Amino acid sequence: MSDLSNMVKKELRELLTRQTIIPMLVMALIFAGMGGVTGGITEEAMKNPIIGIINEDDGPLSGIASAVLNGWAEVVYNSTSGADVQAALEQVNERDGVAVLVIPEGFSDSIYGNSTGKIQVYWIMRGSGIMDSVSTGVVDSLIQVINHEISKELIEKDVSINPEVALNPTAKNETTIFKGKEMQGLSPVVITGMLSSQSATVPVIMMMIIITAGSIVISSMGMEKENKTLETLLTLPVKRSAIISGKIIASAVVGLLMAVIYMFGFGYYMQSLTSGLEVNLADFGLALGIQDYALVGLSVFVTLLAGLSLCMVLGAFAKDYKSAQTLILPITALAMIPMLITMFKDFNTLPMALQCLLFAIPFSHPMMAMRALLFDDYLLVIGGIIYVALFAAATVAVVVHIFKTDRLLVGRTRKKRK
Amino acid sequence: MLAVEVKDLVKDYGSFRVLKGISFNVDEGGIFGLIGPNAAGKTTALRIISTLLQITSGTVKVFGHDVIKEADLVRQHISYLPEDAGAYKNLTGKRYLEFIAAFFKDGDKAERMVERGMKIADLGERINDKVDTYSKGMMRRLLVGRALMVQPRLAVLDEPTSGLDVVNAQEVRKIIQEAVKEGTTILLSSHNMFEVDFLCRRIALMNEGEIVEEGSPRELKEKYSAANLEEVFAEVVR
């Protein structure tokens, strides 16, 4: 065996351990899951959207619009009376539809009279994730097709009309209904964009804190073992809970400090992305009160406690500083899963299995809290806080137990002899 | 009063039995030595007495307190120096002593404790340097200073002079003897038979998880007609 191959073999044996391979597999599974979700988006975009149509106009141009919609969408409600909007919304909502389009009386006359014809769109928004607004994009495309077909009709028939109107004969009036709130003049895309800019900061900051502070806790345990200081520490007249709390609090302080620094940078970054959007969601009743911010803070605090306790459990398995570094990978994966899921879908629009997974991961809760509170979903937030607090208490109990066993020093527990 | 009372102590690591029902007592006020070859179970026994490890069966008491049921109380009376112990590398020697002293005393009392630790360690100005820059001998002296500055009723020292040169080892032995004069009971383990003979009032010889001999160095030398403890040791473990 050559010196080189001997060295390579030794290095591979040291690098490819269970501790490095398992987190890599977990990360691969996450990306595979992500692929499934993005594949789902394409599938969703290919489907005909479910809509309702109320056509109050009896002119030829509304007929074109109606024909386009009937041809490319699954129309579950069809009426000619504007008084039926509520019934249409209920019917479309029941069928998991996306919008009710109202073509008002005088639509055709308005266009022939050199004014754009207004189409009133009532959007039924179910969630504010990227995937939740895919269907609205399909309906938007259909409206573009209507626009195109009417333009073609006007040009073919050589109607004497303002060229500007001929090219853009229709316009939308939008109202979005989301979680019981009716927001006039806003489309789901705008709402999703604004909600993302408002609530994306918490998930990213939360992930940063967990990874940074978690890494500090795990490394601290690894360093105690590597520097051979742990045994001395454990024989001092100090309670195990004080040792554990001390490590958690110090890491949390450093983690929070780093979070503040990240927050400035990330806040500036988000500001640059959303500077073009002038909509103030507070005008539509979408603003957080002091008690809401208190709940978000509480959610962050208990999650940090739970996360760092979990890191202490992992830290107990660290043999040295090097092995401690690889142990942070499962925590990173756990922090990334909810961040990515909530980016694509709202909690309420997820399948039950994913809802259970998301709820079970403690890091999900502060990530979902802001958006949930904007729509007064206190049950999810308070339920989450209670769950995470119980999770943290159980994890701290596990850590204290580990500190009282041999596992911390000898890497295994006592087996009872029969 | 008995400083340490070990009765039928058994310790298993999984299916491997490290201690096979050992019993011995350490009287208050002297130096008791545990000697034996590698893997005899000395360190495991010291770790159990120091409340670090659980017990499979048997009992261990330190000044009458059970090391499992009353671990917090036991920790108030003991000071443990592991064989390959280290200190926090980013602290200076003095800051390290202050960190430890804060667990025992407050204010002036803690300051006096640190001064005592600095005196025992005898590192001069280097006490204000980071531990990371210390040689092995300096580190050991700092740790002996840490272990004895708290004036424990029982100091458990695992190979206290391990890796030290002759001069440093001699210094550490003197410190240990001084501590005994001030009322500390010492329980130590060592491979160095000369050191054990020089320091210990009583010794227990361990081999493969059992205590195979116990007595004063003089008694054992007479029993085996040996010139020194090394010969006794070789005879017993053969």
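Counting its secondary structure elements, chain A contains 17 helices and six strands. Counting every position in chain A, which comprises 418 residues, the buried fraction comes to 49%. Look at the contacts in chain A between residues 6 or more apart in sequence, and 78% of them connect residues 24 or more apart. Entry remark: accessible area of chain A is about 20100 Å², with carbon and sulfur atoms responsible for 63%.

Quick look at the nonpolar core now. Counting residues in each nonpolar core, the largest one holds 162 residues, and the members touching the most others are Phe403(A), Leu34(B), Ile49(B), Leu142(B), Leu154(B), Ile186(B) and Leu187(B). A per-element tally of this core places helix α12 (residues 290–315) of chain A first, with 12 residues. Three or more residues apiece are contributed to this core by two domains, here domain 1 (43–191) and domain 2 (200–410) of chain A. For Leu187(B), the contacting residues outside a window of four places in its chain are Val4(B), Val26(B), Phe32(B), Leu34(B), Leu46(B), Ile49(B), Leu154(B), Ala155(B), Val156(B) and Leu157(B). Ranked by size, the runner-up nonpolar core spans 26 residues in total, among them Ile111(A), Val121(A), Val139(A) and Ile146(A).

Helix length check: helix α16 (residues 378–404) of chain A (27 residues) gives 39 Å between terminal C-alpha atoms against 39 Å at 1.5 Å per residue, within 8%. For α16(A), the complete set of buried residues consists of Leu380(A), Val381(A), Gly384(A), Ile385(A), Val388(A), Ala392(A), Thr395(A), Val399(A), Val400(A), Ile402(A) and Phe403(A).

Bringing the sheet that holds strand β2 (residues 16–27) of chain B into the picture now. All names here are of chain B. With antiparallel pairing, four strands are arranged side by side in an open sheet as β2-β1-β4-β5. Strand pairing shows two members of the sheet lacking a second neighbour, β2 and β5 (65–66), which therefore form its edges. Pairing of strand β4 (residues 57–62) with β5 involves two bridges; the strand directions are antiparallel. Within the sheet, the bridge partner assigned to Val 62 lies in β5 and is His 65. Lying on the sheet, helix α1 (residues 42–49) is in contact with β1 (2–13), β2 and β4; it crosses β1 at an angle near 120°.

Facing 23 residues of chain A, the contacting portion of chain B comprises 32 residues. Between chain A and chain B, the buried area comes to about 2600 Å², and carbon and sulfur atoms account for 53% of it. Along the contact surface separating chain A from chain B lie four salt bridges. The residue Glu231(A) makes a salt bridge to Arg47(B) at a minimum N-O spacing of 2.8 Å. In this structure, the connection of chain A to chain B is made through 11 residue pairs in polar contact (both at pLDDT 80 or more). Elements represented by at least two residues in the side of chain A that touches chain B include exactly α10 (230–234) and α17 (407–410) of chain A. Of the residues forming the side of chain A that touches chain B, the biggest block, four residues, is contributed by α10(A). Its residues assigned to classes, the side of chain A that touches chain B comprises seven nonpolar, five polar and 11 charged.

To continue, consider the packing of aromatic side chains. Tallying each qualifying case throughout the model produces seven aromatic pairs over all chains. Ring geometry for Phe359(A) versus Tyr387(A): centroids 5.3 Å apart, planes at 45°, classification tilted. On the criterion of sequence distance, the pair formed by Phe359(A) in helix α14 (residues 352–360) and Tyr387(A) in helix α16 is long-range, its members being 28 residues apart. Note on Phe359(A): relative accessible area 25%, which makes it partly exposed. For Tyr387(A), a relative accessible area of 22% translates into the label partly exposed. Ring pairs connect the aromatic residues Tyr88(B), Tyr96(B), Phe99(B) and Phe103(B), which therefore count as one cluster. Positioned over the ring face of Phe63(B) is Arg153(B), at 3.8 Å from the centre of the ring.

Our focus in this paragraph is the domain arrangement of chain A. Residues and elements named next belong to chain A. Here chain A is partitioned into domain 1 (43–191) and domain 2 (200–410). Domain 1 puts 14 residues into the contact, and the matching count from domain 2 is 15 residues. Carbon and sulfur atoms supply 65% of the area that domain 1 and domain 2 bury against each other, a total of about 1400 Å² over both sides. At the boundary of domain 1 and domain 2, one finds zero salt bridges.

Parameters and conventions
- Residues numbered from 1 in each chain as written.
- Chains lettered and ligands numbered in written order.
- Predicted model: local features only at pLDDT ≥ 70, side-chain atom pairs only at ≥ 80, totals over all residues.
- Heavy atoms only, no water.
- Helix = DSSP H or I, 4+ residues; strand = E, 2+ residues; numbered from the N terminus.
- Buried < 20%, exposed > 50% of the residue type's maximum accessible area, 1.4 Å probe, protein only.
- Contact = heavy atoms within 4.5 Å.
- Areas by Shrake-Rupley, 256 points an atom, 1.4 Å probe, with all protein chains shown as cover.
- Core = buried A, V, L, I, M, F, W, Y, C linked by side-chain atoms within 4.5 Å.
- Domains from an automatic or database assignment.
- Expected span 1.5 Å × (residues − 1).
- Pairing = 2+ DSSP bridges.
- Axes fitted to C-alpha atoms, helices over the stretch in contact; angles between N-to-C directions.
- Buried area = accessible area lost by both parts, 1.4 Å probe.
- Salt bridge = Lys/Arg side-chain N within 4 Å of Asp/Glu carboxyl O.
- Polar contact = N/O pair within 3.5 Å; in protein donor to acceptor, adjacent residues only side chain to side chain.
- Nonpolar A, V, L, I, M, F, W, Y, C, P; charged D, E, K, R; others polar.
- Phe/Tyr/Trp six-rings, centres within 6.5 Å; stacked < 30°, edge-to-face > 60°.
- Lys NZ or Arg CZ within 6 Å of the ring centre and 35° of its normal.

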